[in-house]
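Fold and contact review
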Amino acid sequence: MTTATKNIIHKLETLPESMVNEVEDFIDFLKAKHSKSFYKEGIDQNQVVEEPKSLYGAAKGTILYISEDFNEPLDFK
């Protein structure tokens with residue numbers, strides 16, 4: 001076990017339970033961020049964290065009509 005790992009474990013032992021849960025969530029976030037999926041043998045499929053799919057371009061081709069005066073200023077009278 002490395003010194004850094006030992007330091008992290010020591011710090012975790014001094015945190016309240018609610019903060020330990022936040023640390024666990026952050027670790028899951030980091031794993032998902034750096035790999036599409038971190039599924040390993042022996043881990044329940046429900047514990048697999050996958051990176052969220054990007055929504056950019058999801059509406060491409062769905063806007064079929066834009067009014068001719070779309071870029072005109074709006075009149076609030």
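As the structure is a computational prediction, the values presented were derived from the model and not from experiment. (Residues numbered from 1 in each chain as written. Predicted model: local features only at pLDDT ≥ 70, side-chain atom pairs only at ≥ 80, totals over all residues. Heavy atoms only, no water.)

So, the overall build of the protein
Each helix and strand counted, the protein has 2 helices and 0 strands in total. The buried share among the 77 residues of the protein stands at 4%. Accessible area for the protein stands at about 7800 Å²; split by element, carbon and sulfur atoms hold 57% of it. (Helix = DSSP H or I, 4+ residues; strand = E, 2+ residues; numbered from the N terminus. Buried < 20%, exposed > 50% of the residue type's maximum accessible area, 1.4 Å probe, protein only. Areas by Shrake-Rupley, 256 points an atom, 1.4 Å probe, with all protein chains shown as cover.)

Topic: helix H1 (residues 3-14)
The first and last C-alpha atoms of H1 sit 17 Å apart over 12 residues, in line with the 16 Å expected at 1.5 Å per residue. Little of H1 is tucked away: 0 of the 12 residues are buried. (Expected span 1.5 Å × (residues − 1).)

Considerations on a nonpolar patch on the surface
A cluster of nonpolar side chains, contributed by Phe-26, Phe-29 and Leu-30, occupies part of the molecular surface with about 290 Å² of accessible area. On the basis of relative accessibility, which here comes to 31%, the residue Leu-30 falls in the partly exposed class. (Patch = residues over 30% accessible without salt bridge, like charges linked within 9 Å, V, L, I, M, F, W, Y side chains within 5 Å. Salt bridge = Lys/Arg side-chain N within 4 Å of Asp/Glu carboxyl O.)

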